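Working through the structure, step by step
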Amino acid sequence: MSAFGILVPEQLIRVFDRTVSKHEALRELSEAVAATGAVPNADVLMQAVQDRESVMSTGIGGGVAIPHVRIDEVTRPTISVGISHDGIDYDALDNEPVNLLVLFAMPTGSQREYLGLLASVMGAMKEPAFTTRLLACRTATDAAALLNADG
């Protein structure tokens, strides 16, 4: 079983090797989800993510953000991951930069599956050894190997 309870293919991982804004990071993660066909239009997903962020930042602290939406346009549960070595000014709850983003794109009505995946992600992200290893990944290939490792 993967670290997050769902397969996170390499094409759904972005390692930002430059300074990016919150908007840029969320745009790239939304485009990655759209490229898989899980949502037909990255703009629809991005708008939903922005609408969610306008209610309250999903930067939960400790360098982690969990942007999440459940919308009709999403055809299957999908998680996209962003890694920023520089840190992103994200307006997080602790006012610290975000280094790890996990974007949930979920279909409407997927409450049970969403909560299960969220529990898996939060469990992994609470493990300092895991987040340190994830942040050390320099490529999407390395991150996918870590995220999808058995055990």
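So, here's what we can say about the structure. Keep in mind that what you see is a predicted model, and the values were worked out from it rather than measured.

1. Some remarks on the overall build of the protein
In terms of helices and strands, the protein carries five helices and six strands. The linear arrangement of helices and strands in the protein, starting from the amino end, is β-α-α-β-β-β-β-β-α-α-α. For a compact globule of 151 residues, the expected C-alpha radius of gyration is about 15 Å, and the protein comes in at 14 Å, within 12% of that figure. A principal-axis box enclosing the C-alpha atoms of the protein has dimensions of 35 × 35 × 25 Å. Each of the 151 residues in the protein was classed as buried or not, and the buried ones make up 48%. Long-range pairs, those at least 24 residues apart, make up 69% of the contacts in the protein with a sequence separation of at least 6. Of the accessible surface of the protein, which amounts to about 7,200 Å², a share of 52% is contributed by carbon and sulfur atoms. Side-chain charges of the protein comprise 11 positive and 19 negative groups, with the mean position of each set lying 5 Å from the other.

2. Digging into the packing of helix H4 (residues 128-136) against helix H5 (residues 140-147)
Relative to each other, H4 and H5 sit at 155 degrees, their axes nearing to 9 Å. Taken together, the axes of H4 and H5 are roughly antiparallel relative to one another. Where H4 approaches H5, its residues Phe130, Arg133 and Leu134 are matched on the opposing element by Ala143, Leu146 and Leu147. Of the residues that constitute the contact of H4 with H5, the class distribution is five nonpolar, no polar and one charged.

3. Describing the packing of aromatic side chains
This model, assessed by the stated rule, comprises two aromatic pairs. Considering the side-chain rings of phenylalanine 104 and tyrosine 114, the 5.5 Å spacing of their centres and the 75 degrees angle between planes classify their relative orientation as edge-to-face. Of this pair, phenylalanine 104 sits in strand S6 (residues 98-107) while tyrosine 114 sits in helix H3 (residues 111-125); the two residues are 10 residues apart in sequence, bridging distant segments of the chain. Like tyrosine 114, phenylalanine 104 is buried. Between the NZ or CZ atom of lysine 22 and the centre of the ring of tyrosine 90, over which it lies, the distance is 4.5 Å. Here the guanidinium or amino end of arginine 70 rests over the ring plane of tyrosine 114, the centre of that ring lying 4.8 Å away.

4. Description of the pattern of salt bridges
Counted by the stated rule, this structure contains four salt bridges. Among the salt bridges present, the one from arginine 18 reaches glutamate 28, with a minimum N-O distance of 2.4 Å. Of this pair, arginine 18 sits in the loop between strand S1 (13-16) and helix H1 (22-35) while glutamate 28 sits in helix H1, and the two are 10 residues apart along the sequence. Taken together, the shared-partner salt bridges in this structure form one network comprising Arg27, Glu31 and Asp43.

5. A word on the nonpolar core
Core analysis: the biggest nonpolar cluster contains 53 residues, and Phe4, Val8, Leu45, Ile79, Leu101, Phe104 and Leu134 have the highest contact counts within it. Counting residues per element, this core draws most heavily on S6, at eight residues. Ignoring any residue separated from it by four or fewer positions in sequence, one finds valine 8 in contact with Ile13, Ile79, Val81, Ala144, Leu147 and Asn148.

Rules of the game
Residues numbered from 1 in each chain as written. Predicted model: local features only at pLDDT ≥ 70, side-chain atom pairs only at ≥ 80, totals over all residues. Heavy atoms only, no water. Helix = DSSP H or I, 4+ residues; strand = E, 2+ residues; numbered from the N terminus. Rg over C-alpha atoms; globule rule 2.2 N^0.38 Å. Buried < 20%, exposed > 50% of the residue type's maximum accessible area, 1.4 Å probe, protein only. Contact = heavy atoms within 4.5 Å. Areas by Shrake-Rupley, 256 points an atom, 1.4 Å probe, with all protein chains shown as cover. Lys, Arg positive; Asp, Glu negative; His and termini not counted. Charge placed at Lys NZ, Arg CZ, Asp CG, Glu CD. Axes fitted to C-alpha atoms, helices over the stretch in contact; angles between N-to-C directions. Parallel < 35°, antiparallel > 145°, perpendicular 65-115°, else oblique. Nonpolar A, V, L, I, M, F, W, Y, C, P; charged D, E, K, R; others polar. Phe/Tyr/Trp six-rings, centres within 6.5 Å; stacked < 30°, edge-to-face > 60°. Lys NZ or Arg CZ within 6 Å of the ring centre and 35° of its normal. Salt bridge = Lys/Arg side-chain N within 4 Å of Asp/Glu carboxyl O. Core = buried A, V, L, I, M, F, W, Y, C linked by side-chain atoms within 4.5 Å.

Remember, this is a structural readout, not a statement about activity or role.
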